[in-house]
Every structure is written in structure tokens, then in C-alpha cells.
Amino acid sequence: MATIKDVARLAGVGLGTASRVVSGKGSVSPATLERVRKAIDELGFRPSHAARALLSGTSRMVGVYIPVLSGTFYTPILQIIDTELRAAGLHMVVAFGVGLGDARRQAIEGIEFLIERGCDGIVMMTGALSDEDLAALGGKQKQIVALNHEFKQIPEQCFTVDHALGGRLAARTLLDYKHRDIAVIAGPAALADNVARIDGFMRELQAQGIDTKKVWMMESDFSPQGGWSAAKALVDSGTRCTALFCANDEMAVGALAYFQEAGISVPRDLSVIGYDDTPSAAFSAPRLTSVHMPWREMTLNGLNALLNRCYDLQRPVARTFPVSVTLRASLAKGPSESSGGDSPAGRTRGRKK
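Residues numbered from 1 in each chain as written. Predicted model: local features only at pLDDT ≥ 70, side-chain atom pairs only at ≥ 80, totals over all residues. Heavy atoms only, no water.

- You'll find the protein chain entered in an unreviewed UniProt entry as LacI family transcriptional regulator, with Massilia varians given as the organism.

## Considerations on the pairing of strand β4 (residues 144-147)
Reasoning step 1: Side chains I144 and A146 of β4 all project onto a buried face; the interleaved residues V145 and L147 project onto the opposite face, where all are buried too.
Reasoning step 2: Sheet topology note: the strand β3 (residues 121-124)/β4 ladder contains 3 bridges and is parallel. Within β4, the residue paired with I122 across the bridge is I144. (Buried < 20%, exposed > 50% of the residue type's maximum accessible area, 1.4 Å probe, protein only. Helix = DSSP H or I, 4+ residues; strand = E, 2+ residues; numbered from the N terminus. Pairing = 2+ DSSP bridges.)

## Section: the packing of helix α10 (residues 224-237) against helix α11 (residues 249-262)
Between two packed helices, both the angle of their axes relative to each other and the distance between the axes serve to describe the pair.
Reasoning step 1: α11 packs onto α10 with a crossing angle of 50° between their chain directions and a minimal axis gap of 6 Å. Judged on the interaxial angle alone, α11 and α10 are oblique. Crossing of α10 against α11: the hand is right-handed. Across the interface between the two elements, P224, G227, W228, A231, K232, L234 and V235 of α10 pack against E250, M251, G254, A255, A257, Y258, F259 and E261 of α11.
Reasoning step 2: Looking at side-chain class alone, the contact of α10 with α11 contains 10 nonpolar, 2 polar and 3 charged residues. (Axes fitted to C-alpha atoms, helices over the stretch in contact; angles between N-to-C directions. Parallel < 35°, antiparallel > 145°, perpendicular 65-115°, else oblique. Left-handed = near helix turned anticlockwise from the far one by under 90°. Contact = heavy atoms within 4.5 Å. Nonpolar A, V, L, I, M, F, W, Y, C, P; charged D, E, K, R; others polar.)

## Side note on the pattern of salt bridges
Reasoning step 1: Here the structure, examined in full by the defined rule, presents 12 salt bridges.
Reasoning step 2: A salt bridge links D82 to R86; the nearest nitrogen and oxygen atoms lie 2.9 Å apart. With a gap of 4 residues between them, D82 and R86 both fall in helix α5 (residues 74-87), about one helical turn apart.
Reasoning step 3: Salt-bridge contacts for R104 lead to D133; the nearest nitrogen and oxygen are separated by 2.8 Å. On the criterion of sequence distance, the pair formed by R104 in helix α6 (residues 103-116) and D133 in helix α7 (residues 131-135) is long-range, its members being 29 residues apart.
Reasoning step 4: Judged by its relative accessible area of 36%, R104 is partly exposed. (Salt bridge = Lys/Arg side-chain N within 4 Å of Asp/Glu carboxyl O.)

## Here we look at the sheet that holds strand β9 (residues 271-276)
Reasoning step 1: The strand order across the open sheet built from 6 strands is β7-β6-β8-β9-β10-β11, with neighbouring strands paired in mixed fashion. Two strands bound the open sheet, and with one partner strand each, they are β7 (217-219) and β11 (324-326). Here the strands of the sheet are splayed against their neighbours by 20° on average, with no regard to which way each runs.
Reasoning step 2: The pairing of strand β6 (residues 182-186) with strand β8 (residues 243-246) spans 4 bridges and is classified as parallel. Its bridge partner lying in β8, I182 is registered against A243.

Structure follows, in C-alpha cells:
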């Protein structure tokens, strides 16, 4: 296998000159550049990752920390990051928690793992850390970008979406479809983004004269199993409702599965709206109406900001991202006021015994 020394020898240049051509840094005359490139082609030279790191003074690796490696939420985000990094000649290293135990400790250990591996920068998606935890990283925190979370310690390095607006849009959509007897499956109360979307949802209901104290709500864990269990609890409670808001798509998909098993037709008997608009929403049965959060735009701009910091690039960076609702088959018009809002979830019409 050819080395950079072989390239320099064949091109008749010094090792430093050949290195400048390979790294793309430093000035080289056009004639010399041509000779070195011809030597590279003739020898079939491909610099190893370690060689590139030595030449550039960087590892050319970007770390990514996510709380758990499962489900349909994080996978598309990892794909976006990996595609962008590969196009830039960079590599992705992923660290993740196991989904159980101390989330803060797992996040700290995961980020320390990425730092120890020599990552030039880190993209993190976790709300388990505090500003004090970031401060403990010292100078390393300058090479971190946070997605979907905000930290006072690094405000210019945080990229998130308007979850309060997302919650309001979910409520407004159900109200526009004439639903007023509404149930909610919320995510973990410890997560700030969940709190924001539920707060926005409830505030919009209040603004339209709905007594939110009477809204059936159950906290779950953002998983399909959690959605299934909460949907069962809703039906078992006998609550009268015509629509259900789930604080993420994975719980909504789990709820849809339970309703199908229980003989409750969506949307004929009960409308369901999710949140995130992940790929699973378009392929559930029925296809899920969901609040579209611009995860792709958020991720790309956060990554651009990190690459600018780490590699002195000038990539464009935006900080505001549009939120909308994607309408699909799981949503139908609610009952008229004269109908009394009879609820399949309350009367368990068609429910299997």
C-alpha cells in the first residue's frame, strides 16, 4: 500500500509539499500540484484516517450523544448527521445511554467517552445535563452543540424548535375539527420539551373555554408500549372523549394498535393526533395526523454551527424553524354540539371482550 512518502518520491517533491496537497492546506504551485496529483493517481494512494488526522491536526471525527438507540425518532437524525459528515470528509462517532437508570450519569459518561476518543466536536441531544455539568467540561464545552434543548451556559450553541407552538397547533387542529372532549397522553414530566408542548396544548384549550381540569391525561414514556398502556387506561376509565392527543408519534402508534385490538375505529370512533411527524406517522394504520416539527432543519443548522466552530468554515446557520401540522387519515370531524359528544372511548363501542 502506497504511503505519502511514496507519493512525494514519485512526484519529486518534499514530504511537506505532498502533505499540503493531500490536506488541502497551504500554498502549492499549480505545476507541483499537478505532479503530486498524478503521483497519487498512479500509486492509487488513499490517506488513512490516522494520516489525515496527523496532516490536519484534527481527528476529523464528530461525536453524537443520544439518550437511547431505539425507535423512529433518533434514527433519522443520525442519518442526517452521518450523510452531512460523510459529504464533508468527516466521520461520526455515536454514544448513547441504555434508556434505564441515571440519565444524567449516562449522559456525562457518554460525552466523556466522545471526548476521550478525540472527537473535534460533539452534537448532544439530552436534557439530563445541567448548566453546571456543562461548566465542568471547561474549554471542551465550546465544541458542543445541543439539539432540542436549551442551556444558559451555551445559548448560542443551542438549536431547538418551538414546542409550545407545536402544542398549541395540536389543540387548535382538534378544535378546528370540532372536538371539545379531548384526552391526552403526555410524555415524561421531567423533560422540558414535553412540558412545553403539553403546556401549549392546555393553554390553547383554555383560551377556547375548555376546562382543562376535566381533561383526562396520563403520563407515559414516549414508547409504543407506553402509548398502548395509556390507551388501555383511557378506555378502561370510561372517559367520554372524541379525540386523543399523544405527545409523540411512538406513543400514538402504540395507542392506534391498542384501539385496533379493542375494536375502536380511528377516526370513526376516535380521532388521534401525534407529535413529531416521524417516518412512522406516514405508515401507521390509519396514517397518523401529526404536528410536524422541523427536525431536519434544526439538525442541519446545529451541525453547520458546530462545523464552523471546529473547522473554521462559513456554513449558513439559521435559528428559527417552521412548525406545522401534517393532516392524515387519523383525524375526522368531531360530533356536532347537538349530538352530545357521545364517546366510543367512554362507551367502548365495539370493544372486544
